[in-house]
Amino acid sequence: MDVDDGDDTRADLEQTLHRITQLTDHVCNPGHAALAQAAQLLDGFISRHRHELTFENFPLPAGSDEALCSYELHGDARSGLTLWLQAMNAGVDSLVHDHGTWAVIVAVIGQERNRIYDRADNGSIADRATLALQREVVVSPGQPLVLDPGLFHSIHTAAGEPTLQLHLYGRNPDTVENRRVVDLASGRLVYLGVDPSSV
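Everything quoted here is computed from the prediction, not taken from an experiment.

1. As for the packing of aromatic side chains
The full count for this structure, using the stated rule, is 2 aromatic pairs. Relative to Tyr71, the ring of Phe58 lies with its centre 5.3 Å away and its plane at 75 degrees, an arrangement referred to as edge-to-face. Of this pair, Phe58 sits in the loop between α2 (32-49) and β1 (68-75) while Tyr71 sits in strand β1, and the two are 13 residues apart along the sequence. Judged by relative accessible area, which is 1%, Phe58 ranks as buried. Its relative accessible area of 23% is what places Tyr71 among the partly exposed residues. With a centroid separation of 5.3 Å and an interplanar angle of 70 degrees, the aromatic rings of Trp84 and Tyr169 are classed as edge-to-face.

2. A look at the pairing of strand β4 (residues 103-109)
Counting buried positions along β4 gives 6 out of 7 residues, so the element sits mostly inside the fold. Pairing analysis gives 3 bridges linking β4 to strand β7 (residues 145-147), with the strands arranged antiparallel. Looking at β7, one finds that Ala103 is bridged to Leu147. Note that β4 and strand β9 (residues 163-169) share 6 bridges and pair antiparallel. Bridge pairing in β9 links Val104 to Leu168.

3. Overview of the confidence of the model for the chain
When the pLDDT values of the chain are averaged, the result is 90; 92% of them are 70 or greater. Predicted confidence is poor over residues 194-199, with pLDDT under 50, and the contacts of this stretch with residues over four places away or in other chains come to 8 contacts.

4. Section: the environment of Leu17
By the element assignment, Leu17 lies in helix α1 (residues 7-24). Leu17 sits 68 residues away from Leu85 along the chain, and the two C-alpha atoms are 14 Å apart. Setting aside anything within four residues of it in sequence, one finds Leu17 in contact with His74, Leu81, Leu83 and Leu168.

5. Digging into the sheet that holds β4
Taken in spatial order, the 5 strands of this open sheet run β1-β2-β9-β4-β7, and their pairing is antiparallel. Pairing within the sheet leaves two strands with one partner each, and these edge strands are β1 and β7. Put simply, the sheet's adjacent strands are angled 20 degrees from each other on average, direction ignored. Judged from the 7 bridges that link them, strand β2 (residues 82-88) and β9 form a sheet pairing that is antiparallel. When the sheet's bridge partners are listed, Thr82 is paired in β9 with Tyr169. Contacts from α1 reach β1, β2 and β9 within the one sheet, and its direction differs from that of β1 by about 75 degrees.

6. Topic: the packing of α1 against α2
Running from N to C, α1 and α2 point in directions that differ by 175 degrees, and their axes come no closer than 9 Å. By the angle between their axes, α1 is roughly antiparallel relative to α2. Counting all contacts with α1, which are made through Thr9, Asp12, Leu13, Thr16, Arg19, Ile20, Leu23 and Thr24, the residues of α2 involved are Ala34, Leu35, Gln37, Ala38, Leu41, Leu42, Phe45, Arg48 and His49.

Criteria and cut-off values
- Residues numbered from 1 in each chain as written.
- Predicted model: local features only at pLDDT ≥ 70, side-chain atom pairs only at ≥ 80, totals over all residues.
- Heavy atoms only, no water.
- Phe/Tyr/Trp six-rings, centres within 6.5 Å; stacked < 30°, edge-to-face > 60°.
- Helix = DSSP H or I, 4+ residues; strand = E, 2+ residues; numbered from the N terminus.
- Buried < 20%, exposed > 50% of the residue type's maximum accessible area, 1.4 Å probe, protein only.
- Pairing = 2+ DSSP bridges.
- pLDDT = per-residue confidence, 0-100.
- Contact = heavy atoms within 4.5 Å.
- Axes fitted to C-alpha atoms, helices over the stretch in contact; angles between N-to-C directions.
- Parallel < 35°, antiparallel > 145°, perpendicular 65-115°, else oblique.

Written out as C-alpha cells, the structure reads:
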C-alpha cells in the first residue's frame, strides 16, 4: 500500500508535513521543543489513519536475515525533510550509529528500545570514539523519541515483537555525508554515507 492510494490520507499527510516544515525549515537544529511538536503532529496522523498503517500494507522483510523494510512516504529535496515508514523484524540489535541530522521516531505498532549515547571524547582520533550511555527510551505508541544532531543510538526489538514506526529526518540519511557507526567494545568509528569529496 502507498498513502497515495487514499486521497484523504495523502492530503492529511501533506498538511501534517507542511506544519512540521513550518517548525523546522531553514533551521539546522530546530531545537528539542520544535521536534517534540513534530512528534505530536505525527502521532496525531497515526491516530487518524491507524487502520491503514499495518504490516499488511507495509510488509516486514521477506528474508530472515534482513532487519527492516523502509518505505519512503515523503522526501523534499529542497528542505531535506524525509519521512520513512519502517517495518522492523523482531529480535533486532543494531549497531550504534548516528544519522548526521536530527530524527523523530513515532511508533505505530510494537516497542523498540533505544539506547542513546553522547560522545565522551574530543574527537581528536579520526577512527576512534568513546561514547557514554545517556539514557534508554522505549519507543511505543504514544511514546516518541527525539534525537538531536550529534547523538548516537542503537535499536533493539524484542523476540516475537516486530515494529512499525514513522521515522522523520531533517535530511535523508542515505544522502548525508559522514554518518558514523561505533563499535562500543573497541571504540572503532567507521564513516558511512556519501564521501563529501565526491559531491
